[in-house]
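Coordinate analysis (summary)
Here's the letter readout for the chains.
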Amino acid sequence: GGSGKGTWGSQLDQIVELRIHPDDPNYDSEEEPYWLVEAPVAESVEEFKGRVLLAIEEYFMSSNIDEAAQELRDLGCPDFQHYFVKKLVSIAMDKRDREKEKAAVLLSALYADVVPADQMAKGFRKLLLSVDNLVLDNPNAVKILAVFVARAVVDDILPPAFLTDAQKLLAEGSKGMEVVNKAMATHLGPSAHADMVEKKWGGSTRSTVELLVKKIDETLEEYRESGDVTKACQCIRELDMGYYHHELVKRAATLSLKSNKSTQSSLLALLKHCSEEGLISPSQMSKGFMRCLEESSAEAREKLKPLVSAAVNEGWLSPSLQTSLASAAPEPDFSSAEFKKKSTAIIHEYFSSDDSQEVLRSLQDLASVQDLYPLFIKRLILLAMDRRSREKEMASSLLSIIHTESDTDQVAKGFVLLLESAEDTALDTPDAGTQLTFFLARAVFDNVLTPFYLEQIKGQLLENSLGREIVGNAKSILSAQHAGERILRCWGGGTGWAIEDAKDKVFKIVEEFEAGGDLTEACRCIRELNMPFFHHEIVKRVLDMAMEKQNERPLELLEQCSREGLITTSQMCAGFTRVYNLLNELALDVPNAHEKFQSYVETAKQAKWLRGEFDFQGGLC
């Protein structure tokens, strides 16, 4: 060879590397040259786990929540904080009641500020999935973990919906399912009490609520007399209850409303100092003022407005509080706390009975009910979000019925209240953004809100807020192709029925009319359905049948329904839009589907039961 006897030498060294073109059948992407890119890695998984273990053992010895929180922040790895939750609970399960109580207190303190809601929920899910292994080392694992789960729900670090979601995730007969069932039946059932769960392990490191509130009142009273900010802050630190600072904020704000100008300024100065010093977190500050707002009368709320405005202008209170205060519904007859209690009872009864007329009767019994509809709508959706799809569907259906008894502005105000507090809702319900998006889109599709109101609602929300993002997502869903089918199926469809049952009833009504031609009977059956928000399905079925049978007789039903006001123009438009979106599929069975549909549109426009601005090209009114 070129490099000497018996060698291949430099002949091959001079061959240019041949590369196969990506379009060649023999091309293999794995043979392409690649480069290693340096990326920063905080630490190995083993090192992370070791530091978590060390931090937990240190906390059990020192009981210092602040040090534990700082250690977890220093660890970084926000996507692995669920491991901390799982490890903390599993270690505490093998220790005395004192350590179990410490673990529960630490989780409450770290929630939201250090450990996000989704990581907290993920940590508990991992625990439920690993119970079968935990019982090998600790025979009482099921019993102890059930208390931890119940305590997490009582402490508001897990939403109640977590338990029902976990039941879907866990296998029947598994130890994890046993934990969930025990937590629900024994510790969170109707006969259970939150304080029993809180005192399960003796409350050795956690003051009772009554004692804590008493200390807060003493601190505020002493500060009001002395005006010593330094001493007041020292007392707040000694409470060592960072997760409960919202109670102090609420009581300070409430006390300021009952005090003279001098004391009022002094109390607000204390809150401002605590905020600037980082003693009270922004989320705890907002939560405290929000609780004061919700529990105040209309007169007290008016007094609160200038205080909130001043705090927002000084930069130590979130501007969203000012917006919530400005848009809050007036309540002349009783406080929002009382109304919340009454509306919650009405909603729970509705979820049990599915009797929408009873809801309307109950609301009419309340004074100034028109002014209170926004609060009721907000409460209805919040309660439905923590329940199954059946209750979510029932909530959407009830909105359609309530809409007939109130004006659209009241419904829009209810959604504004919901979207303004979307960030807080997301702390308890991790998928709140998605759920609220579908509730909003469904309200537009059911003609509860018009698309115009989406822009109006968006204009009342803060820039870059979760509420604005939800409105944008709802608009995207509504503008997508086949949006109707997706929105109708988001909760399963129907007023407690399966969507297929509702569709079957509609199909039979249209089929019987096509066979017999009795307009009066067909209209009576449509009224008995009592589903005005689902009338677009009737429009779709009529158009489908007219095209398939090449017979325009079914269109007479739509004309009659329009003449009687039985089907609204928006529902008519929604039905035509759904058929427009399916034209390509219909054309496979009905070759002249496009021509037929266009002729139906023209007929409907001329008869004035379809809006003249309906666009055949875009399918939108």
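Residues numbered from 1 in each chain as written. Predicted model: local features only at pLDDT ≥ 70, side-chain atom pairs only at ≥ 80, totals over all residues. Heavy atoms only, no water.

As a further point, take the overall build of the protein. If you tally the helices and strands in the protein, you get 35 helices and zero strands. By the burial criterion, 48% of the 621 residues in the protein qualify as buried. Sequence separation of 24 or more characterises 73% of the internal contacts of the protein that already satisfy a separation of 6 or more. By element, 49% of the accessible surface of the protein is carried by carbon and sulfur atoms, the whole surface being about 30600 Å². (Helix = DSSP H or I, 4+ residues; strand = E, 2+ residues; numbered from the N terminus. Buried < 20%, exposed > 50% of the residue type's maximum accessible area, 1.4 Å probe, protein only. Contact = heavy atoms within 4.5 Å. Areas by Shrake-Rupley, 256 points an atom, 1.4 Å probe, with all protein chains shown as cover.)

Counted by the stated rule, this structure contains four cavities of 30 Å³ or more. Each pocket or cavity is described by its volume, and for the second largest cavity that value is around 40 Å³. What lines the second largest cavity is simply Thr219, Glu222, Tyr223, Ser226, Asp228, Lys231, Ala232 and Cys235. Counting only elements with at least two residues in the lining of the second largest cavity, the list comes to α12 (209–226) and α13 (229–239). Ranked by residues supplied to the lining of the second largest cavity, first place goes to α12 with four residues. (1 Å grid on protein atoms, 1.4 Å probe; cavity = no way out; pocket = protein on both sides within 12 Å on 5 of 7 lines; lining within 4 Å. Points joined across faces, edges and corners; volume = space filled by probe spheres on them.)

Describing an aromatic ring pair means giving the distance of the ring centres and the angle of the ring planes. The final tally for this structure, using the stated rule, is nine aromatic pairs. A ring pair is formed by Tyr59 and Phe60, whose centres lie 5.9 Å apart and whose planes are at 45 degrees; its orientation type is tilted. Assigned by exposure class, Tyr59 and Phe60 land together as buried. Feature note: the residues Phe576, Tyr580, Phe597 and Trp609 constitute an aromatic cluster, connected by ring pairs. (Phe/Tyr/Trp six-rings, centres within 6.5 Å; stacked < 30°, edge-to-face > 60°.)

The next thing to look at is α13. Burial in α13 covers these residues: Ala232, Cys233, Ile236 and Leu239. One side of α13 carries all its buried residues, which in axial view fall inside an arc of 110 degrees. Of the exposed residues in α13, those oriented more than 90 degrees away from the buried face are Thr230 and Glu238. The opening residue of α13 is Asp228, an N-cap whose side-chain oxygen sits 3.2 Å from the backbone nitrogen of Thr230. (Arc of directions from axis to C-beta. Polar contact = N/O pair within 3.5 Å; in protein donor to acceptor, adjacent residues only side chain to side chain.)

Grouped together as the largest cluster of nonpolar side chains are 93 residues, with contacts concentrated most on Phe415, Leu440, Leu449, Ile457 and Phe576. Among residues more than four places away in sequence, those in contact with Leu440 are Phe415, Leu419, Leu449, Leu454, Ile457, Ile470, Val471 and Ala474. Among the nonpolar cores identified, the runner-up in size contains 60 residues, and Met120, Val135, Ile144 and Leu158 belong to it. (Core = buried A, V, L, I, M, F, W, Y, C linked by side-chain atoms within 4.5 Å.)

Moving on, we come to the side chain of Glu537. In this fold, Glu537 is placed in helix α31 (residues 535–548). Owing to a relative accessible area of 1%, Glu537 belongs among the buried residues under this scheme.

As a further point, take the packing of helix α4 (residues 81–93) against helix α6 (residues 117–129). Relative to each other, α4 and α6 sit at 50 degrees, their axes nearing to 7 Å. Considered as vectors, α4 and α6 are oriented oblique to each other. The interaxial crossing formed by α4 with α6 has right-handed handedness. Facing Gln81, His82, Val85, Lys86, Val89 and Ser90 of α4, the residues of α6 in contact are Gln119, Met120, Lys122, Gly123, Phe124, Lys126 and Leu127. For the contact of α4 with α6, the class distribution of residues is five nonpolar, five polar and three charged. (Axes fitted to C-alpha atoms, helices over the stretch in contact; angles between N-to-C directions. Parallel < 35°, antiparallel > 145°, perpendicular 65-115°, else oblique. Left-handed = near helix turned anticlockwise from the far one by under 90°. Nonpolar A, V, L, I, M, F, W, Y, C, P; charged D, E, K, R; others polar.)

The next thing to look at is the pattern of salt bridges. Inspection of every chain in the model, using the stated rule, returns 26 salt bridges. A salt bridge links Glu99 to Arg98; the nearest nitrogen and oxygen atoms lie 3.4 Å apart. Note on Arg98: relative accessible area 34%, which makes it partly exposed. (Salt bridge = Lys/Arg side-chain N within 4 Å of Asp/Glu carboxyl O.)

Attention now moves to unusual backbone geometry. Of note in this structure, Asp156 is not a glycine but carries a positive phi near 65 degrees. With respect to the helices and strands, Asp156 occurs in the loop between α8 (141–154) and α9 (161–169). Residue Gln550 is not a glycine yet carries a positive backbone phi of 50 degrees. Its location among the elements puts Gln550 in the loop between α31 and α32 (555–564).

Mapped onto the elements, Glu178 comes out in helix α10 (residues 175–187). For Glu178, a relative accessible area of 39% corresponds to the partly exposed category. Residues Glu178 and Leu128, spaced 50 residues apart in sequence, show a C-alpha to C-alpha distance of 9.3 Å.

Bringing helix α14 (residues 245–257) into the picture now. Along an α-helix, residues three or four positions apart point the same way, because every turn accommodates 3.6 residues. The end-to-end C-alpha separation of α14 is 19 Å, in line with the 18 Å expected for 13 residues at 1.5 Å each. Of all 13 residues making up α14, eleven are buried, and the element is well covered by its neighbours. Those residues of α14 that fall on the buried side of the exposure criterion are His245, His246, Glu247, Leu248, Val249, Lys250, Ala252, Ala253, Leu255, Ser256 and Leu257. (Expected span 1.5 Å × (residues − 1).)

A word on the confidence of the model for the protein. Confidence in the prediction for the protein averages 79 pLDDT; 81% of positions are at 70 or higher. Per-element mean pLDDT across the protein ranges from 43 in helix α1 (residues 10–13) up to 93 in α4. Confidence drops under a pLDDT of 50 for residues 329–334, and excluding neighbours within four residues, the segment shows 17 contacts in the predicted structure. For the stretch residues 493–498, pLDDT sits under 50, and the model shows 19 contacts to residues farther than four places along the chain or on other chains. (pLDDT = per-residue confidence, 0-100.)

Once that is clear, we can look at the packing of α31 against helix α35 (residues 593–606). It is the contact of α31 with α35, at a shortest axis distance of 10 Å, that shows an interaxial angle of 125 degrees. Considering the angle they form, α31 stands oblique to α35. Handedness of the crossing formed by α31 with α35: right-handed. Contact residues: Leu543, Ala546 and Met547 in α31; Ala593, Lys596, Phe597 and Tyr600 in α35. Here the contact of α31 with α35 is composed, by residue class, of six nonpolar, no polar and one charged.

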